[in-house]
Amino acid sequence: MLDSASLLTLKSMHLHSVLSKAFKSISEHSVAGIKAAGFNPTAFAVMEVLYHRGPQPIQQIGAKLLLQSGNVTYVIDKLESKGYLFRHPCPQDRRIIHAELTTEGRRIMDTIYPAYTQQIERAYSGISDEEMDQLIKLLKKLGRSAESLSSSTHK
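Cut-off values and rules
- Residues numbered from 1 in each chain as written.
- Predicted model: local features only at pLDDT ≥ 70, side-chain atom pairs only at ≥ 80, totals over all residues.
- Heavy atoms only, no water.
- Phe/Tyr/Trp six-rings, centres within 6.5 Å; stacked < 30°, edge-to-face > 60°.
- Helix = DSSP H or I, 4+ residues; strand = E, 2+ residues; numbered from the N terminus.
- Buried < 20%, exposed > 50% of the residue type's maximum accessible area, 1.4 Å probe, protein only.
- Axes fitted to C-alpha atoms, helices over the stretch in contact; angles between N-to-C directions.
- Parallel < 35°, antiparallel > 145°, perpendicular 65-115°, else oblique.
- Left-handed = near helix turned anticlockwise from the far one by under 90°.
- Contact = heavy atoms within 4.5 Å.
- Nonpolar A, V, L, I, M, F, W, Y, C, P; charged D, E, K, R; others polar.
- Pairing = 2+ DSSP bridges.
- Salt bridge = Lys/Arg side-chain N within 4 Å of Asp/Glu carboxyl O.
- 1 Å grid on protein atoms, 1.4 Å probe; cavity = no way out; pocket = protein on both sides within 12 Å on 5 of 7 lines; lining within 4 Å.
- Points joined across faces, edges and corners; volume = space filled by probe spheres on them.

Undergrad: So what's going on with the packing of aromatic side chains? Which residues, and what values?
TA: The way to describe two aromatic rings as a pair is by their centre distance and the angle between their planes. Here the structure, examined in full by the defined rule, presents five aromatic pairs. For the pair Phe44 and Tyr116, a centre-to-centre distance of 4.6 Å together with 55° between the ring planes defines the contact as tilted. One end of the pair, Phe44, is in helix H2 (residues 41–53); the other, Tyr116, is in helix H5 (residues 103–123), and 72 residues separate them in sequence. Its relative accessible area of 2% is what places Phe44 among the buried residues. Seen from their ring centres, Tyr113 and Tyr116 are 5.8 Å apart, and the 45° between their planes marks the pair as tilted. Of this pair, Tyr113 and Tyr116 both sit in helix H5, three residues apart, which is roughly one turn of that helix. For the pair Tyr113 and Tyr116, a shared accessibility class is recorded, and that class is buried. Through pairs of rings, three or more aromatic residues link up here, namely Phe44, Tyr51, Tyr113 and Tyr116.

Undergrad: Could you give me a rundown of the packing of helix H1 (residues 4–36) against H5, with the residues and numbers involved?
TA: The contact between H1 and H5 brings their axes to 8 Å, and the two run at 160°. By the angle between their axes, H1 is roughly antiparallel relative to H5. Like other packed secondary-structure pairs, H1 and H5 cross with a definite hand, here right-handed. For the pair H1 and H5, contact is made by Ile26, His29, Ser30, Ala32 and Ile34 and by Tyr116, Gln119, Ile120, Arg122 and Ala123, respectively. Residues that form the contact of H1 with H5 fall into these classes: six nonpolar, three polar and one charged.

Undergrad: Quick rundown of the sheet that holds strand E1 (residues 56–57)? Include the residues and the values.
TA: Two modes of strand pairing occur in sheets, parallel and antiparallel, and in both the strands are linked by backbone hydrogen bonds. If you trace the three strands from one edge of the open sheet to the other, you get E1-E3-E2, paired in antiparallel fashion. Two strands bound the open sheet, and with one partner strand each, they are E1 and strand E2 (85–89). Where E2 meets strand E3 (residues 97–101), five bridges bridge the pair, whose relative direction is antiparallel. Bridged to His88 within E3 is His98. Here H2 sits on the sheet in contact with E1, E2 and E3, set at roughly 85° to E3.

Undergrad: Explain the pattern of salt bridges residue by residue, including any values.
TA: Counting across every chain of the model gives five salt bridges. Measuring nitrogen to oxygen at the nearest pair gives 2.5 Å for the salt bridge that ties Arg87 to Asp77. Placement of the pair is Arg87 in strand E2 and Asp77 in helix H4 (residues 69–81), with a sequence separation of 10 residues. Accessibility expressed as a relative area gives 28% for Arg87, which makes it partly exposed. Note that Arg107 is salt-bridged to Glu104, the shortest N-O span being 2.7 Å. With Arg107 and Glu104 both in helix H5 and three residues apart, the pair spans about one turn of that helix. Arg107 gets classed as partly exposed once you look at its relative accessible area, which sits at 43%.

Undergrad: Can you explain the layout of surface pockets? Please cite residues and give values.
TA: Of the voids in this model, the largest pocket is the one considered here, and its volume is about 940 Å³. As for the largest pocket, its lining consists of 29 residues, of which Phe23, Ile26, Ser27, Tyr124 and Leu139 are closest to the centre. If you list the elements that add at least two residues to the lining of the largest pocket, you get H1, H2, helix H3 (58–65), H5 and helix H6 (129–153). Residue contributions to the lining of the largest pocket peak at 10 residues, all from H1. Counted by class, the lining of the largest pocket contains 23 nonpolar, three polar and three charged residues.

Limitation: the analysis is restricted to geometry and does not speak to function.
See below:
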């Protein structure tokens, strides 16, 4: 017979496995369309940030997407070479470089983003609206808890 601490460990490990597998399945489903359009998930994520938020400092794009600065620079270089975005210095501080979608980049996003949102909606169609609300609430709670544990161990 297992004690309560051992049961909690087993349940936590099982939850982690289930959550990881669900995330992998949802991610694979949602990126199928963007891969068909010629984007990898990271490049699409950069385009999505610029599409929704407008011109952004390159450093902030990396922070929003949890990417290393070298990775962001590489992805932005590739997207710029394809004509989807361009860089320009911040008028107030020339040390800061902004990335911005070109007309072609915006046209591409206008074309592929609606299908991407439909893929996301289909990926979550296995749960009801009420279950989605519950899951959002629980995952936020779990994320805040894990974040506070992480930040307290780094002090």
